Structure formats: C-alpha cells, structure tokens
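# Close look at the chain arrangement
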Amino acid sequence: MNGQPILTLDKISKSFGPVQVIDEVTVSVHPGKVQVLLGENGAGKSTLIKMMAGVYQPDGGRILLDGEPVKFRDTNASEAAGIATIHQELNLVPTMSVAENIMMGRFLKRFGMVDRPALRKQARAALDLIGLDIDLDQPVGELGIARQQLVEIAKALSLDARMLILDEPTAALTRREIAALFSVVHDLRERGVGMVFISHHLDEIAEVGDSVSVLRDGKFVAEVPADTAEPELVRLMVGRDISQQFPRRREYTGPSEPLLHVEGLSIKGLVNNMSFTVHAGEVVGLAGLVGAGRTEVVRAVAGVDPYDSGSVIIRGRRIPRHNIGAGIKAGLGHVPEDRKVQGLVLDASVNENIGYATLASTAKGGLVDFKGQRDKAQDVAGKLRIRMSGLDQTVRSLSGGNQQKAVFGRWIAAGAKVLLLDEPTRGVDVGAKVEIYELINSVTAAGGAVLMVSSELPEVLGMSDRILVMSGGHLSGELAAEDATQDKVMTLAVRDVVRDLEDKS
Amino acid sequence: MTTAVKAEKRQHLDIKKFLANNGALVGLLVLCLALFIATPDFLTAGNMLNIGIQASTIAVLAFGMTFVIVAAGIDLSVGSVAALSAMVSASMFTTAGLNGWVALLGGLLTGAACGAASGMATAYGRLPSFIATLAMLSVARGLTLVISDGRPVRTADQVSFLGSNIGPIPMPIVVLVVAGLVAAFLLNRTVIGRYMYAVGGNTEAARLSGIPVQKVLVIVFALSGLFAGLAGMLLSGRLDSAQPQAAVGYELDAIAAVVIGGASLAGGVGRISGTLVGALVLVVIRNGLNLLNVSSFWQQVVIGLVIALAVGIDVLRRKNTIH
Ligand SMILES: Nc1ncnc2c1ncn2[C@@H]1O[C@H](COP(=O)(O)OP(=O)(O)OP(=O)(O)O)[C@@H](O)[C@H]1O
Ligand SMILES: [Mg+2]
C-alpha cells in the first residue's frame, strides 16, 4: 500500500503472565483505508487493538505514529493522538443518560456548571450521524444492547478522530443499523480517516474493508485484499476448510410432542398476544427488527420478567409466571442476549460459570459435588472447544466468543431440553459458530426443542425449521424454512411497523 | 525469549503472585517480627493467648461479615446484634429463669433472627443492605437497653463457660477455631456458599442461572446475625454478664478485618482465612501499641492508616491483574 500509515504496530508482542497472546505481529493503518482484522475467537484481535488504544502496553516491538515511535501510556494518550476506539465490550455508565454517556469526559462547562443545552446538541449531532432517534435523557441501562452499541458508536464518532478502531461493532446490530453504520464508515473513509475493523461476519469484510490481516493463535498469517473469496478467508483463519456454514440436520425421529407452548402472552406496551409452539426435535427462529419484542418474549418465557396475561407450558407443565427456577426444573435453558451483564460472573472461573445451574441438583446433602461438576465442565468445555488456559481461568479474561460459549455450556451441562437462545452466536467466529450449530443439532436430535432469536438473517434462515416473525410486539407471520427468504422475513418484520405508522397518520 | 529467561520470569511471577494474594499474611508476619524485636513482652505464652482471646470476638463477627461482603452486601448491625443476643440470653436465664442451655440457644437464635430480618428487608423489601442494617443497628441497640433497663444482667453458666478456660486453653480460642472452620466449610463446600459468590459477583447472571437470589440473601444475613449472636455469647461469657453497651462500633472492626483479608466490597471475592488474618492484624497492632505504651488515641490513628494502606494495596493489585 502506498503513502505513510497513520499507525503501525511493528513486530508487536504481548503476554499475559506466562501466556503469549500476540507474537511479533505487524499491522498498519492507512488514511482513508479500512484495515480488517480477522481471526478466530481468542486469536488476539482485541488484544492487538487494545495496544493501539493504550489499554495494554506491548512487551516487545514498536508502535509507530506517523512513522515516529510512540508509547501510549494509557487511553488518554492514544485519544490525544487522534485515535478513537469502540471496544468489543461496552463501556457505558448504565445509570447516566444517553447524552451524558456520549459526552462522557468532555462535559461542556459554562460558569463552572455543565452546559446542558450544548451537551445535548453535540450528543444529538452524534446520534444523527448514525440515524439513531432515541431519547437523549433516557438512562443507557434501559436501552437494549443494540441501542447501547449504537450509543457507543456515536460516542466514538463524536470524538472526530483521524483513526477509528471498531471492535465487532456489528455483533449486536441488525441489518438496518449495520447499513447506517457502514454509510458512516464510507463517509469517514472519504474524509481520510483510517480505520480498523473487526467482525465475524465475513460478508461485511468485502463491503467495508480494503485489506485484511489474518491472525491465528496470536501470530500473523497473511495479509490479503478485502475482496478475497470467503472460503479462502475462512481457510486462512481457521487453518482448514469449512464445508457448510449452516449444517442444520433434523435427525429426531420420535413423536413430535409440543415441548414449549406459549398461549396469549402479553406484556403491556411490549408484547401483544403471542401464541406459538415449539416441538421436540425442532428449531424455531424468532426474527424481527430490534425493538420488535423478541427478547421480551424470551425473557417472559424464561421467567426473568413478569407478563400480564397468557400462559407458558413446558413439557406439559404449566410454569408459574416470573419463576426462573420452575422453568429450569422443567428443562428450560436460557442464553440471554448480553453475556457480560446477564450471563456471566466475570471474575469467577470457567468451571464455576458452567456449573451454576447444576450446583444444587448435583449436590449431596447441600455439599457441592466438586469433582462431578468439574468433570462435566471439562467435558462441556471440550465439546464447545472453549479456548482457555484451564477451567480455572477467570471468564473475564476469555475472548468474547469464548465467553459466549461458556454461557451456552451452562445449559448443555444442565441437560436442558428446551433452549431459549437469544443471539446465541453473537461475537462467535465462523468455526465456533458451526460448533454451536452442531450442538443445536445434537440437542434437537436428542428430542430437545430450540427457540432462537437472532438478528442475523442468514443464521435464522439457515438453522431454523420454522420462522416466526415479530413486528411491533406481535406475531406478524410464520414461514416454513423451505420457502423463507430474507425478503419475505423482512416484509413481515416491517409489516406492522408500517401499519402502525399508517394508523397514526 | 529463551527458556532460562522465561523460567526466571515465571519464578518471579510466582513470588509476586504469592505476595499479592497473601499481602495481609505477609503484613501480619512482618508486624509480629517487628514487635518481637521491639519488646520482649510480645512473644510470651500469656500475651499470645491474650491476643487469641481478643481476636476471638472480632474474628467471629468478621466471619459472619465475610458471607455478607462476598454476597456484595454490608452488615452494620453486628455489634448491636451481638449485644442484643447476649442480653436476651442473659435475661432468659436470670429474669425468666429458663434453663442455661435454652438461654444459650435463645441468644444465638436472636442473632439469626435479627440477621434474617435485615436479609428480608434487603432481598424482598429492596432496601440497600447499608440502610437495612443501619436500621437494625439502631433497633437492636434500643431493644438491648429496653430489655436491660440499662443495667448489666448475669449470664447463664453455659454462656460463662464460653468465656472460661479449659486447662490452659481459653474457650474463646476454641470457639474461634471451630467458628472459622464452620464458616470456611459453608463458604467453600456448600451450594449455598458457592451461590454467595455468584450473587456477589453478578446478581443478574446468578438470577438468570436459576439461583434463588432472594433466599440466598436472607440466609447470608441470617448467618451474619448468628455469628454476631455467638460473638455476643463470647463477650458476655467472659464478663459473666451481658452489658447493654457491649460491642459498640465492633461492626467497623469486622468490616475492616474482612477487607484487610482481601475481600472486595464490590462482592464476589473473599476468604475466611483472609478474614482471620485481617482480624489478627487489627488485634496484634492494638496489642503491640499497648505493649509499647502508645496512647489509645494514637492507636486509632494508626489503625485507620493501616486499613487505608491495606485496602489501597489491594486496589492496586486488582488494577494490575484485571482489566
Ligand atoms: N487480561 C488477560 N489476561 C489473561 N489472558 C487474556 C487477557 N486478555 C486476553 N487474554 C487471552 O488472550 C487471548 C486473545 O484474546 P482476545 O480478546 O484478543 O481475542 P479476540 O481475537 O479478540 O477474540 P474474539 O473474537 O472472541 O473477541 C485469549 O486466549 C484470551 O483468553
Ligand atoms: Mg475480541
């Protein structure tokens, strides 16, 4: 590539304790170019960008800014150099407003007090960039994870940086929001901003990228143009071919009993009279736009939130409202949408996190069955191929995708018969995705039932036997897998939104 | 990196890790060594037993507090609850004329009941534990004064026994050891103990995993109350009487012991062994300063600085290991 790069990591290395995570990797970021980092979960992508952002300091190698060696002592130093970072894990203060979060650390002052009108104006401008229309005064914690991600993006954009790092910004977004984000990326590229982009969605690479650096186990593998064919990218990244991206198989031959039956489920203002059934051996996809009420349905069924009317029946047993334990006893497992906040005890070990749902049921006389729990966790971690230094590693230091597998593993360990999966492969790499899909296959082959919420349409289409589409809080249609297409799903997904608008006008 | 360098680095890391994880223990040993050099009165059998007796009350309170802090709560009421438990027990024996064993049990149950009440206010009433136990602090002290009319009350023989010696060994030290073993067992081995870590580490994730968070909280505070009750028995047993103003401010010592012992007030982290070391640090400092004839006013200054130092080191340590 020609011209002087904004930033170069030159033969960078990084270890955590005895574990070498990055081994002599070189990457450059050029003005007006999007440098994609590609690699499996745990390959070291986030660690690499954290060294660009000043979160970590390298143990070996140099960082060059405009060709000059620099050291980023902390995140302020890298921000001062014009580098803005959107981290994989959200960094928002849940109790503070959208506007305050966007302007965090840069509160405008007038007469020594926070200048609210100016603060709101700048925050609004940042939101407008990505076309996000939300209440500036709402506490961020009340937003869904997709909207939180958008707030985080707006925050980084508002810094007006010359280099922008995006670590899996699209993992929590639906197509519409991704499209809005990409148009911003294109604008920034025109204006000469250099970008680093990380995503496990291979189709996005050709769409926004210029060049791809592939990492495997912390080592540099290759740098290829962004329009390289997907199978080739996969091969570079995983080191082998993946023949089938969505290996859905229906191997269950037993009676197709209804395992999960939901009747007339309503939550005031959010969900309106939802009824559906998931049978043994079946994967049902729940599609819709962000805000359609999919997560609300899943949470109500799992007993996490109360509902106003309706009933939930699992394997013939009526589950009392707002009772998580009863659902689990009946064989329910719930992978929530936000692994960090709802799924994991981050400072506890992988072993403990996998074991929480089975601690009580495997205990003898109130005493933990440590050995049994550990063996099971080892088995599940092996099946899911969780990349860790050992079962005692804290979950916080796992890579994002491996954290997701740990949540999943909890319900595999518990032998759940009815799985509610809310974005089960968010932030999971292609190879591991296939592993999770195979797990879904084995759950259904053994007569289990799966209800899967996903914002990734190809995943919904590829893995579901039946697709329910929600719109504006109610069921707007159902499609059989054979005749479902992206267009058909999207038409149903926006149907009632359009209708609502028509009603109002 | 060559293997030799790596090996050296690893060894270096292991020592660093040990020091980081056992800072309080190292501190305690250094402290003891310094006192041993400074005064011949420190390392005598009599003084060691004395330290053990003094540590027993604080440590038992702090064991109970460890449950609460691991579950990301705080219990400000333990001093008052200890006093109330002792007073109820003594009154059951002296005023109501009940059997001494019944009085002992009654005292312990009083503590557990007070804790359970704070726990329910926290778990079901959604009060922050700080507030719920602040209320209990006042209520329990008030009830102690009401029951006793402000006067000391004689304890049952069974309670006094807990303050006495068997042979050369003071019973409070025996109680301390047994209570520590029970607490460690509960925290490490039982399901409810592991639940405490989960609830303290991430309440929402614990709830979504099917852990009965509210029940866990009630049990946590009930245990803290029970241990406070036991501390009350130790205190009153030593004096053969329950004092209405006993254990005022002890909750702060208990919290300090837990935190010096390496627990995080944010929850999810803490060990009984650490808490024991924390309690010993506090007691040894006081003991040493007494032996060196430092005024009790200055002692408070020193204790305060030690707490700040211990927790400060801990915060630094966390910052370096976790991101
Ligand atoms: N603070 C830390 N302490 C110890 N190990 C760490 C720490 N941070 C990361 N690691 C390890 O470094 C490796 C690389 O992690 P990293 O987060 O960079 O992966 P990644 O490529 O971003 O993966 P993902 O696609 O899942 O986000 C992982 O094996 C992880 O467990
Ligand atoms: Mg990452």
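Residues numbered from 1 in each chain as written. Chains lettered and ligands numbered in written order. Predicted model: local features only at pLDDT ≥ 70, side-chain atom pairs only at ≥ 80, totals over all residues. Heavy atoms only, no water.

### Observations regarding the nonpolar core
- The biggest cluster of nonpolar side chains holds 94 residues, and the ones touching the most others in it are B:F63, B:F67, B:M196, B:I211, B:V220 and B:F227.
- The biggest single contributor to this core is helix 11 (residues 213-239) of chain B, with 15 residues.
- Within the second largest apolar cluster, 54 residues are counted, among which are A:V98, A:V212, A:V214 and A:V290. (Core = buried A, V, L, I, M, F, W, Y, C linked by side-chain atoms within 4.5 Å. Buried < 20%, exposed > 50% of the residue type's maximum accessible area, 1.4 Å probe, protein only. Helix = DSSP H or I, 4+ residues; strand = E, 2+ residues; numbered from the N terminus.)

### Re a positive patch on the surface
- On the surface, A:R315, A:R317, A:K329 and B:K215 cluster together into a positively charged patch.
- Structurally, A:R317 is set in strand 17 (residues 317-318).
- A:R317 gets classed as partly exposed once you look at its relative accessible area, which sits at 44%. (Patch = residues over 30% accessible without salt bridge, like charges linked within 9 Å, V, L, I, M, F, W, Y side chains within 5 Å. Areas by Shrake-Rupley, 256 points an atom, 1.4 Å probe, with all protein chains shown as cover. Salt bridge = Lys/Arg side-chain N within 4 Å of Asp/Glu carboxyl O. Lys, Arg positive; Asp, Glu negative; His and termini not counted. Charge placed at Lys NZ, Arg CZ, Asp CG, Glu CD.)

### Observations concerning the site of ligand 1
Residues and elements named next belong to chain A.
- Neighbouring ligand 1 are 20 residues, the closest being N41, K45, S46, T47 and S397.
- Contact between ligand 1 and A43: an oxygen atom at 3.3 Å from a main-chain N or O atom of the residue.
- Measuring from a nitrogen atom of ligand 1, one finds a side-chain N or O atom of Y56 at 3.5 Å.
- Within the complex, 86% of the 640 Å² of free accessible area of ligand 1 lies under protein.
- Elements with a minimum of two residues in the shell around ligand 1: helix 1 (45-52) and helix 15 (400-413).
- Top contributing element to the shell around ligand 1 by residue count: helix 1, with three residues.
- For the shell around ligand 1, a count of residues per class yields five nonpolar, 12 polar and three charged.
- Shared between two domains, the shell around ligand 1 takes at least three residues from each, and those domains are domain 1 (7-244) and domain 3 (344-415). (Near = heavy atom within 4 Å. Polar contact = N/O pair within 3.5 Å; in protein donor to acceptor, adjacent residues only side chain to side chain. Nonpolar A, V, L, I, M, F, W, Y, C, P; charged D, E, K, R; others polar. Domains from an automatic or database assignment.)

### Focus: the sheet that holds strand 15 (residues 283-287) of chain A
All names here are of chain A.
- Across the sheet, which stays open at both edges, the six strands sit in the order 18-19-20-15-21-22 with mixed pairing between neighbours. Taken across any chain shown, the strands that pair with only one partner, and hence form the sheet edges, are strand 18 (332-335) and strand 22 (474-480). Direction aside, the axes of adjacent strands within the sheet are offset by 15° on average. (Pairing = 2+ DSSP bridges. Axes fitted to C-alpha atoms, helices over the stretch in contact; angles between N-to-C directions.)

### A short note on the coordination of the magnesium ion (ligand 2)
- Within the first shell, the magnesium ion (ligand 2) binds the protein through A:S46 (OG) and A:Q88 (OE1), at distances of 1.9 to 2.1 Å. Here the residue A:S46 occupies a position in helix 1, and A:Q88 occupies one in the loop between strand 6 (83-86) and helix 3 (98-102), the gap between them amounting to 42 residues. (Donors = N, O, S within 2.8 Å, 3.2 Å for Na, K, Ca; no water.)

### Some words on the interface of chain B and chain A
- Residue-level contacts link 21 residues of chain B with 32 residues of chain A.
- When chain B packs against chain A, the two sides together hide about 2200 Å² of surface, and 62% of this comes from carbon and sulfur.
- Linking chain B with chain A are two salt bridges, by the criterion used here.
- Linking B:R194 and A:E352 is a salt bridge whose minimum nitrogen-to-oxygen distance equals 2.4 Å.
- Between chain B and chain A we count eight residue pairs in polar contact (both at pLDDT 80 or more) in total.
- Of all the elements in the fold, those that place two or more residues in the side of chain B that touches chain A are helix 1 (3-21), helix 8 (171-189), helix 9 (191-201) and helix 10 (203-208) of chain B.
- The element that contributes the greatest number of residues to the side of chain B that touches chain A is helix 9 of chain B, accounting for five residues.
- Looking at the side of chain B that touches chain A residue by residue, the classes come out as nine nonpolar, seven polar and five charged. (Contact = heavy atoms within 4.5 Å. Buried area = accessible area lost by both parts, 1.4 Å probe.)

### So, the sheet that holds strand 17 of chain A
All names here are of chain A.
- With respect to topology, four strands assemble into an open sheet ordered 14-13-16-17, the strand pairing being antiparallel. Here the strands that pair on one side only, and so sit at the sheet edges, are strand 14 (271-279) and strand 17.
- Summarising the sheet, strand 13 (residues 258-267) and strand 14 pair through six bridges and their orientation is antiparallel. Across the sheet, the residue bridging to V262 is F276, located in strand 14.
- Helix-sheet contacts for helix 9 (residues 294-302) involve strand 13, strand 14 and strand 16 (309-314), and the interaxial angle to strand 13 is about 115°.

### What about the side chain of A:Q35?
- In this fold, A:Q35 is placed in strand 3 (residues 34-38).
- Here the side chain of A:Q35 touches A:S213 through a polar contact of 2.8 Å, side chain to side chain.

### Structural notes on helix 6 (residues 175-190) of chain A
All names here are of chain A.
- End to end, helix 6 covers 22 Å across 16 residues, agreeing with the expected 22 Å (1.5 Å per residue, within 8%).
- The set of residues buried in helix 6 consists of E177, I178, L181, F182, V184, V185, L188 and R189. The arc enclosing the buried residues of helix 6, seen along the axis, measures out at 160°, which places them on a common side. Across helix 6 from its buried face, at more than 90 degrees, point the exposed residues R176 and E190.
- The inward-facing, buried residues of helix 6 abut strand 3, helix 4 (116-129), helix 5 (145-157), strand 9 (163-167), strand 10 (194-198) and helix 7 (202-208). (Expected span 1.5 Å × (residues − 1). Arc of directions from axis to C-beta.)

### Considering the pattern of salt bridges
- Tallied over the full model, the rule gives 31 salt bridges over all chains.
- When the shortest N-O distance is used, the salt bridge between B:E204 and A:R299 registers 3.9 Å. Taken as a pair, B:E204 in helix 10 and A:R299 in helix 9 lie in two separate chains rather than in one.
- For B:D253, the salt bridge goes to B:R286, with nearest N and O atoms at 3.2 Å. Of this pair, B:D253 sits in helix 12 (residues 250-260) while B:R286 sits in helix 13 (residues 272-291), and the two are 33 residues apart along the sequence.
- Of the residues examined, B:R286 reaches a relative accessible area of 26% and is grouped as partly exposed.
- A network of salt bridges, in which partner residues are shared, links A:R299, A:D305, B:E204 and B:R207.

### A short note on the environment of A:V140
Residue and element names in this part refer to chain A.
- Checked against the element boundaries, V140 lands in the loop between helix 4 and helix 5.
- Judged by relative accessible area, V140 falls into the buried class, the value being 1%.
- Residues V140 and M96, spaced 44 residues apart in sequence, show a C-alpha to C-alpha distance of 6.2 Å.
- The residues touching V140, leaving out its near neighbours within four places in the chain, are L92, V93, P94, M96, S97, V98, N101, Q148 and V151.

### Comments concerning the pairing of strand 1 (residues 7-16) of chain A
Residues and elements named next belong to chain A.
- Of all 10 residues in strand 1, seven are buried; the element is thus mostly enclosed.
- When strand 1 meets strand 2 (residues 19-29), the two strands line up antiparallel, connected through seven bridges. Bridge pairing in strand 2 links L9 to V27.
- One ladder, built from five bridges, connects strand 1 with strand 4 (residues 60-65); its direction is antiparallel. The residue of strand 4 that forms the bridge with T8 is L64.

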